[in-house]
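Residues per chain, in single letters:
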2 protein chains.
Amino acid sequence: MATNPTQTPTLLRASAAALEPPTYDDVLAAADRLAPIIGPTPLLRSRALDARVGGRIFLKAECLQYTGSFKFRGAYNRLAQLDEGERQAGVVAFSSGNHAQGVAAASALLGMKSVIVMPRDAPAAKIDATRGYGAEVVLYDRWTESREAIAGAIASERGATLVPPFDDPRIIAGQGTVGLEIGRQAERFGEELDAVYVPASGGGLIAGVALALAEDSPGTAIYVAEPAGFDDHRCSLEAGHRVENAPGATSICDALLAPTPGEITFEINCRLLAGGVAVSDDEVKRAVAYAARTLKIVLEPGGAAALAALLAGKIDAQGKAVALVLSGGNMDPALLAECVRAYPEP
Amino acid sequence: MATNPTQTPTLLRASAAALEPPTYDDVLAAADRLAPIIGPTPLLRSRALDARVGGRIFLKAECLQYTGSFKFRGAYNRLAQLDEGERQAGVVAFSSGNHAQGVAAASALLGMKSVIVMPRDAPAAKIDATRGYGAEVVLYDRWTESREAIAGAIASERGATLVPPFDDPRIIAGQGTVGLEIGRQAERFGEELDAVYVPASGGGLIAGVALALAEDSPGTAIYVAEPAGFDDHRCSLEAGHRVENAPGATSICDALLAPTPGEITFEINCRLLAGGVAVSDDEVKRAVAYAARTLKIVLEPGGAAALAALLAGKIDAQGKAVALVLSGGNMDPALLAECVRAYPEP
């Protein structure tokens, strides 16, 4: 049976009690848990970028986060709240990318075993990186096997806890620490942000960021940045309910391919987001090249979505203070080379 | 007449009074001048790198500095001390790379005209970037014309001030702010650094860093990282006097090709440095690839020299706290692509 590898993991829905959306206080508690483990990522400035768009742009460099993406924050916040018995039994997750590395690394730091179910055709670099963090990697065939079934079987066999990628209050609260940092760092620049643009797949990161900034910077509008054809958050916000992406779309943003917003994440996002923008593969590649050439940072396609929207003129930054979350940098070396070769000029 | 483009610019030697080496207080004053203009660059950590070398590594990311290298610091500190008349007449510099961009950008911020003499065959991206900062670029043929003569003629014709790349007390003091920041940022991590490795061409950056840390962190040993064949600082330290590189060597580290240490810089460096390491082109390319793949930052070859030494096992970091200055990120896109393609694996 062919399994859509980006399907929402209904199997991994948390228990009814855990379905309550997190609060601002949960984000603060997550920040306390993370403080001894990771420092804040830099909020970078670029005079060249400011001049190009006529505004004051603040770049939240989650590509510089441990494991190369924001995912570590939520994974660690989730795993740190397991009780002693749960820790003994370890955790299971499935992911071909950043969530895999986040869960593997958080487990190792907490002295727990982790099993990550990854597609056999995932990039060798990502499989190696996940193993490098100490995880046991179980490979599956994404065309003939169900990763949910495999992960579920491992979980029940070992009594291990399944760690969902986004639709979980503790994951959302962990990702929300990105928003706390943005608010505090912008303040140090003497700025109250007009807008923040955040990439979304299942919507955990943007939901957390929105929770944090609704409290700390209520005048800041939060927008989602998505690949064209996978702009389910934007469409859902317009429709007022969760809608699915039409089938058949493709995107190089491998981290942003969830077919529909999460239930818990959308409960937050439909209240707190102001709208969204969508970007093409070409716009993303140009942004990856711009980031390497001008900003001197490496972004993966999904991590460049908000920057792509800005560079493509889809964000009105004229005279405004705008933050972009650059959510990850786990880039395939060959694709990075392709982008910088294809777009060598500003 | 064929002109060695890396020749020490004797023409640009400052006046006798200005030849006094700068002091720690000069570095502090430079920091005060720069504070309203640029924030500190991040001192990055990488658990992956720490695990690989068995130490605690601190990465001073000057690739994230305005203009893409540390050069802006010295240029701004130099230009900000010109008097009103000198400012009116503007400045002249020659450089095919980072000094060009630093001087051009500093001039623009101070409302001054700048003329940068660049070789006609410099990468178009660097010429465009220099013009982008508002400089007038004068091109010359590096095989038939003397850049010193051209710059000198422009300077005397316009009454403009020549800005040397490194052998100037105010340039050295400006670069020294890198050292001040390293000391303070390491302290925030609760560390007293065992060693700092700094790339050198004429030696202005490392002299400034050494001045700052001799005061702020006297237990820290300062080492130079240079390309093999251009390790004139290492050889000069061993010889106890300034020696020249043997002719005929080549290196991809285009920012590190000065033939001999500066006079003022060596006066400082021969007192304060502990020694040096030299790296091959291949080691540098591997470091560029590692930086992009694992650290998610873009380094130019010269900016990767200290990292190259660490990754090649030429720095004993076992159990130690070691900072590396990653001095610049103005990388040719095609060479970046070549490095990440050639070394896709950790």
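So, here's what we can say about the structure. (Residues numbered from 1 in each chain as written. Chains lettered and ligands numbered in written order. Predicted model: local features only at pLDDT ≥ 70, side-chain atom pairs only at ≥ 80, totals over all residues. Heavy atoms only, no water.)

1. Some details on the overall build of chain A
Step number 1: Across its full length, chain A holds 14 helices and ten strands.
Step number 2: Compactness check: chain A gives a C-alpha radius of gyration of 19 Å against a globular reference of 20 Å for 346 residues, within 12% of the reference.
Step number 3: The C-alpha extent of chain A, read off along each of the three principal axes, is 55 × 40 × 40 Å.
Step number 4: Relative to its 346 residues, chain A shows a buried fraction of 61%. (Helix = DSSP H or I, 4+ residues; strand = E, 2+ residues; numbered from the N terminus. Rg over C-alpha atoms; globule rule 2.2 N^0.38 Å. Buried < 20%, exposed > 50% of the residue type's maximum accessible area, 1.4 Å probe, protein only.)

2. Structural notes on the side chain of A:Ser327
All names here are of chain A.
Step number 1: Relative to the helices and strands, Ser327 resides in the loop between strand E10 (321-326) and helix H14 (333-342).
Step number 2: Its relative accessible area of 6% is what places Ser327 among the buried residues.
Step number 3: With sequence-adjacent residues up to four places away left out, Ser327 is seen in contact with Glu62, Cys63, Ser69, Phe70, Pro199, Leu205, Gly302 and Gly303. (Contact = heavy atoms within 4.5 Å.)

3. Section: the interface of chain B and chain A
Step number 1: Of the residues lining the interface, 27 residues belong to chain B; the matching set on chain A comes to 27 residues.
Step number 2: Taken over both partners, the interface formed by chain B and chain A buries close to 2,200 Å², and the fraction arising from carbon and sulfur atoms is 64%.
Step number 3: Top element by residues in the side of chain B that touches chain A is helix H15 (residues 333-342) of chain B. It accounts for seven residues.
Step number 4: Grouping the constituent residues of the side of chain B that touches chain A by class yields 17 nonpolar, three polar and seven charged. (Buried area = accessible area lost by both parts, 1.4 Å probe. Nonpolar A, V, L, I, M, F, W, Y, C, P; charged D, E, K, R; others polar.)

4. Remarks on unusual backbone geometry
Residues and elements named next belong to chain B.
Step number 1: Even without glycine at this site, Thr67 takes up a positive phi of about 75°.
Step number 2: When you line up the elements, Thr67 lands in the loop between strand E2 (56-61) and helix H3 (71-79).
Step number 3: Classification of Thr67 by relative accessible area gives buried; the value is 4%.
Step number 4: We note that Lys296 has phi near 65°; this positive angle belongs to a residue other than glycine.
Step number 5: Here Lys296 shows up in the loop between helix H13 (281-295) and helix H14 (305-311).

5. Some details on the nonpolar core
Step number 1: Counting 88 residues, the largest nonpolar core has A:Leu307, A:Leu324, B:Leu307 and B:Leu324 as its most contacted members.
Step number 2: Those residues in contact with B:Leu324, other than ones at most four positions away along the chain, are B:Ile57, B:Phe58, B:Leu59, B:Lys60, B:Tyr197, B:Ala306, B:Leu307, B:Leu310 and B:Ile315. (Core = buried A, V, L, I, M, F, W, Y, C linked by side-chain atoms within 4.5 Å.)

6. Things to note about the sheet that holds strand E7 (residues 195-199) of chain A
Residue and element names in this part refer to chain A.
Step number 1: Strand order in the open sheet formed by six strands is E1-E2-E10-E7-E8-E9, and the pairing between neighbours is mixed. A single partner strand is all that each edge strand has here, and the edge strands are strand E1 (43-44) and strand E9 (273-279).
Step number 2: Of the strand pairs in this sheet, E7 and strand E8 (residues 221-227) are connected by five bridges, and their pairing is parallel. In the sheet register, Tyr197 faces E8, and the bridge partner there is Tyr223.
Step number 3: Its contacts with the sheet put helix H10 (residues 232-239) on E8 and E9, and the angle it makes with E8 is roughly 130°. (Pairing = 2+ DSSP bridges. Axes fitted to C-alpha atoms, helices over the stretch in contact; angles between N-to-C directions.)

7. Overview of the relation of the copies chain B and chain A
Step number 1: Once chain B is rotated about the relating axis by 180° and shifted along it by 0.0 Å, it coincides with chain A to within an RMSD of 0.0 Å. Expressed as a symmetry operation, the mapping of one chain copy onto the other fits a two-fold axis.
Step number 2: The fraction of interface residues of chain B whose copies in chain A are also interface residues reaches 100%, indicating that both copies meet through the same surface. (Least-squares fit on C-alpha atoms with pLDDT ≥ 70 in both.)

8. Let's talk about the pattern of salt bridges
Step number 1: The full count for this structure, using the stated rule, is 30 salt bridges over all chains.
Step number 2: Across the pair A:Asp231 and A:Arg234 runs a salt bridge, and its minimum N-O distance is 2.7 Å.
Step number 3: You can call A:Arg234 partly exposed: its relative accessible area is 27%.
Step number 4: Note that B:Arg45 is salt-bridged to B:Asp50, the shortest N-O span being 2.5 Å.
Step number 5: In this structure B:Asp50 comes out as buried when scored by relative accessible area, which is 15%. (Salt bridge = Lys/Arg side-chain N within 4 Å of Asp/Glu carboxyl O.)

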